[in-house]
Amino acid sequence: PMLFVSVGAKGPGESVGVSRDAMIDLDIRVEAPPSMALDTLEIFAGTACIRTIPLRPRAHVVAFDERVRVFVANARTLVVRVRGHGTLAPLVDRRGAFPMAFTSPIHLETWGENAD
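Residues numbered from 1 in each chain as written. Predicted model: local features only at pLDDT ≥ 70, side-chain atom pairs only at ≥ 80, totals over all residues. Heavy atoms only, no water.

Can you explain the overall build of the protein chain? Please cite residues and give values.
Along the backbone of the protein chain there are zero helices and nine strands. Seen in sequence order, the protein chain has helices and strands lined up from the N terminus as β-β-β-β-β-β-β-β-β. For the protein chain, the spread of C-alpha atoms along the principal axes amounts to about 55 × 25 × 20 Å. Looking at the 116 residues of the protein chain, the share that counts as buried comes to 36%. A sequence separation of at least 24 residues applies to 69% of the contacts in the protein chain between residues at least 6 apart. Carbon together with sulfur atoms contributes 52% to the accessible area of the protein chain, which is approximately 7,200 Å² in total. Placing the 13 positive and 13 negative side-chain charges of the protein chain at their respective mean positions leaves the two points 6 Å apart. (Helix = DSSP H or I, 4+ residues; strand = E, 2+ residues; numbered from the N terminus. Buried < 20%, exposed > 50% of the residue type's maximum accessible area, 1.4 Å probe, protein only. Contact = heavy atoms within 4.5 Å. Areas by Shrake-Rupley, 256 points an atom, 1.4 Å probe, with all protein chains shown as cover. Lys, Arg positive; Asp, Glu negative; His and termini not counted. Charge placed at Lys NZ, Arg CZ, Asp CG, Glu CD.)

Quick look at the structure:
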């Protein structure tokens, strides 16, 4: 799967200024062939999974394309992962390989009156 994520104009590997205990709007788009069985999108703030979104079977390439608001209590990074089940054959000739993609972190820099 292909995974595209941004916070405003900032994407994976970039830094976003946020206030402590902020709500963040993530623009998330997942693309994959309809034959690729994707079932879960997860959003991580730091190491904690803060949101799980089930994905439905589809007849087109776009598996998900939405803005998602999440609460990021003192997290320093955001990572998004999409995964599924089933085989990746004929793309990958390996047992146990399943569809999955994840972003590099979007770094969160705390600013505002409560920042350290």
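A description of the nonpolar core should follow, citing residues and the corresponding values.
Counting residues in each nonpolar core, the largest one holds 32 residues, and the members touching the most others are Leu26, Ile28, Leu41 and Leu78. Those elements that provide at least two residues to this core are strand 1 (2-6), strand 2 (15-19), strand 3 (22-31), strand 4 (38-45), strand 6 (62-72), strand 7 (77-84) and strand 9 (106-111). Each residue touching Leu26, except ones within four places of it in the same chain, is listed here: Val5, Ser6, Val7, Ile43, Glu66, Arg67, Val68, Val70, Leu78, Val80 and Ile106. (Core = buried A, V, L, I, M, F, W, Y, C linked by side-chain atoms within 4.5 Å.)

Report on the pairing of strand 3, specifying residues and quantitative values.
Taking every second residue as pointing to the same face, the buried face of strand 3 carries Ala22, Ile24, Leu26, Ile28 and Val30, while none of Met23, Asp25, Asp27, Arg29 and Glu31 on the other face is buried. Of the strand pairs in this sheet, strand 1 and strand 3 are connected by five bridges, and their pairing is antiparallel. Residue pairing across strands places Met2 opposite Glu31, the latter belonging to strand 3. With ten bridges connecting them, strand 3 and strand 6 associate as antiparallel partners. (Pairing = 2+ DSSP bridges.)

Please give an account of the sheet that holds strand 6 that cites residues and values.
The three strands are arranged 1-3-6 in an open sheet whose pairing can be described as antiparallel. Of all the strands in the sheet, the pair left with one neighbour each is strand 1 and strand 6. The sheet shows a mean angle of 20 degrees between the axes of neighbouring strands, taken without regard to direction. (Axes fitted to C-alpha atoms, helices over the stretch in contact; angles between N-to-C directions.)

Account for the pattern of salt bridges, with residues named and values stated.
Pairing between side chains of opposite charge can happen when the charged atoms of each approach one another. Tallied over the full model, the rule gives six salt bridges. The salt bridge partner of Asp65 is Arg29, with a shortest N-O separation of 2.7 Å. With Asp65 in strand 6 and Arg29 in strand 3, this residue pair connects regions lying 36 residues apart in the sequence. Looking at Asp65, the relative accessible area reads 48%, which means it is partly exposed. (Salt bridge = Lys/Arg side-chain N within 4 Å of Asp/Glu carboxyl O.)

Describe the environment of Pro54, listing the residues and the values that go with them.
In this structure, Pro54 sits in strand 5 (residues 48-54). Residue classification places Pro54 among the exposed positions, given a relative accessible area of 65%. Between the C-alpha atom of Pro54 and that of Glu109, which follows or precedes it by 55 residues, the distance is 29 Å.

An account of the side chain of Thr103 is needed here, citing residue identities and associated values.
With respect to the element layout, Thr103 can be found in the loop between strand 8 (100-102) and strand 9. A relative accessible area of 9% means that Thr103 is categorised as buried.

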